[in-house]
Amino acid sequence: MTMTAPEDTTVEVAAHVPPVDRARVLALRRSPAQGLDEEMRRGSGAAARLREVPFLTQVAIRATPGRDGSLTETLGLDLPTHVGEVAGAGDGNGLAVLWLSPDEFLAVGPDEAESGVSPEAYAGGLAEALGSERGQAVDVSANRTTLELSGSRARSVLEKSCELDLHPRVFPVGAAVATLLGSTGVILWRTGEDTWRVMPRASFATHVVRWLLDGMREYR
Amino acid sequence: MLIIDCPNCGPRPETEYGYGGQAHVAYPEDPHALTDEEWAQYLFYRDNPKGDYAERWVHSAGCRKWFNAVRDTRTYEISAVYRTGETRSETQKGA
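Residues numbered from 1 in each chain as written. Chains lettered and ligands numbered in written order. Predicted model: local features only at pLDDT ≥ 70, side-chain atom pairs only at ≥ 80, totals over all residues. Heavy atoms only, no water.

Right, let's talk about the overall build of chain A for a bit. In terms of regular secondary structure, chain A is built from eight helices and ten strands. Its C-alpha atoms give chain A principal-axis dimensions of roughly 65 × 40 × 30 Å. The buried share of chain A, reckoned over its 220 residues, is 46%. Side-chain charges of chain A comprise 22 positive and 30 negative groups, with the mean position of each set lying 10 Å from the other. (Helix = DSSP H or I, 4+ residues; strand = E, 2+ residues; numbered from the N terminus. Buried < 20%, exposed > 50% of the residue type's maximum accessible area, 1.4 Å probe, protein only. Lys, Arg positive; Asp, Glu negative; His and termini not counted. Charge placed at Lys NZ, Arg CZ, Asp CG, Glu CD.)

Below, the discussion takes up the packing of aromatic side chains. Residues and elements named next belong to chain B. Summed over the entire model, instances satisfying the criterion amount to seven aromatic pairs over all chains. Where tyrosine 17 meets tryptophan 57, the ring centres are 6.4 Å apart and the plane angle is 90 degrees; that geometry is what we call edge-to-face. You can see tyrosine 17 sitting in the loop between strand 2 (10-13) and strand 3 (18-22) and its partner tryptophan 57 sitting in strand 4 (residues 52-58), a full 40 residues away along the chain. Both residues of the pair, tyrosine 17 and tryptophan 57, belong to the buried class. Aromatic side chains tyrosine 27 and tyrosine 42 sit 5.7 Å apart centroid to centroid with 85 degrees between the ring planes, which places their arrangement in the edge-to-face category. Separated by 15 residues along the polypeptide, tyrosine 27 in the loop between strand 3 and helix 1 (36-44) and tyrosine 42 in helix 1 bring together distant segments of the chain. A cation sits over an aromatic face here: arginine 56 above tryptophan 66, 5.6 Å from the ring centre. One Lys or Arg, arginine 71, reaches over the ring of tyrosine 76 and ends 4.9 Å from the middle of that ring. (Phe/Tyr/Trp six-rings, centres within 6.5 Å; stacked < 30°, edge-to-face > 60°. Lys NZ or Arg CZ within 6 Å of the ring centre and 35° of its normal.)

The subject of this paragraph is the interface of chain B and chain A. Counting residues at the interface gives twelve residues for chain B and 14 residues for chain A. For the pair chain B and chain A, the two sides together bury roughly 1,000 Å², of which 50% comes from carbon and sulfur. On the chain B side of the contact with chain A, Asn8(B), Arg12(B) and Lys65(B) bury the most area, a combined 37% of that side's loss. Linking chain B with chain A are two salt bridges. (Contact = heavy atoms within 4.5 Å. Buried area = accessible area lost by both parts, 1.4 Å probe. Salt bridge = Lys/Arg side-chain N within 4 Å of Asp/Glu carboxyl O.)

A few words now on the domain arrangement of chain A. Residues and elements named next belong to chain A. Splitting chain A by domain gives domain 1 (32-54 + 145-220) and domain 2 (55-142). A straight line from the C-alpha centre of domain 1 to that of domain 2 covers 23 Å. Three residues, Pro54, Ala176 and Trp189, lead the burial of domain 1 against domain 2; their summed loss comes to 37% of the area buried on that side. The interface formed by domain 1 and domain 2 includes zero salt bridges. (Domains from an automatic or database assignment.)

So, on to the confidence of the model for chain B. Overall, the prediction assigns chain B a mean pLDDT of 92, with 93% of residues at 70 or greater. Scoring the predicted complex yields pTM 0.89 and, for the interface, ipTM 0.87. (pLDDT = per-residue confidence, 0-100.)

On to the pairing of strand 1 (residues 3-6) of chain B. Residue and element names in this part refer to chain B. Here strand 1 shows a buried face lined by Ile4 and Cys6 and an unburied face lined by Ile3 and Asp5. Two strands pair when backbone bridges link them, and strand 1 and strand 2 are joined in this way by four bridges, in the antiparallel orientation. Paired with isoleucine 3 across the strands is proline 13, a residue of strand 2. Counted between consecutive antiparallel strands, the loop separating strand 1 from strand 2 contains three residues. (Pairing = 2+ DSSP bridges.)

All names here are of chain A. Taking 1.5 Å per residue as the helical rise, helix 8 (residues 205-216) with its twelve residues ought to reach 16 Å, and the 16 Å between its terminal C-alpha atoms agrees with that figure. Buried residues of helix 8: Ala205, Val208, Val209, Leu212, Leu213, Gly215 and Met216, and no others. Seen along its axis, helix 8 keeps its buried residues to an arc of 160 degrees; they face one direction. (Expected span 1.5 Å × (residues − 1). Arc of directions from axis to C-beta.)

What follows is about the sheet that holds strand 6 (residues 78-83) of chain B. Residue and element names in this part refer to chain B. Strands sit in the order 3-4-5-6 across an open sheet of four strands; the sheet is antiparallel. Across the chains shown, the open sheet's two edge strands, defined by having one partner strand only, are strand 3 and strand 6. Adjacent strand axes in the sheet meet at a mean angle of 30 degrees when their direction is disregarded. (Axes fitted to C-alpha atoms, helices over the stretch in contact; angles between N-to-C directions.)

So this is what it looks like as structure tokens:
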């Protein structure tokens, strides 16, 4: 049996579907830690503050550096080459590409509501740029959410349950690594001297928020 | 707590890793040609040295890559790590 392409049916269906109001769709989104807004506000103090930075565009890139077609031109950035390195906006204001492994990277950009660029379309463009080279670019914006922990004691809060050396000598501003916070896998990204992004998987967001809030209690 | 040197990510605590058993156990060229005993030998039997032991580890919470490490089973001291596909340095002894 051969596959036949659907003919006029698709056209007909499309004609009956009203155009999607993207802005309305974006307004209906709920972020993984949205219900904890109030809890995070109450748990924050001068020395340690926690908030969610929801809906950042995230694209998982698998590619071999140097053999990535026109991926780097399309990104406008070179792929990072070693652990901890972030290409582009290391402070999180703009497009950044995080090193996750020698052939795995995470592009993080602003929310679609802000940039006007849909993550699917952006990932599609990157995938196209890979051409015939081995690799992939997939929209994973819903995979992780972003928590921002800031304040003069933010590092102390993280040090309670992260075993890496977070001293600026070892972990400078603009560095990001995949590691464990307690027993939860997260991406830890230092976007400022006293500002950290903690990116847990969406289903771990509640746990990680409450975990960090517990660590923040003594600094409230 | 062991500190294990990932070839990609550098030193990380043991909890970030998964253990994969003895390294360099080659898959049989033609499994169908093996007797049940030989197949069982391949599947279940591993060396159990007292001293250096080449093992596979995976950095599950980091770069998610497999690599090999030579660990002394008496002291837990890891004397070498190397990527899959790389060969152990000639100076390494043991299983």
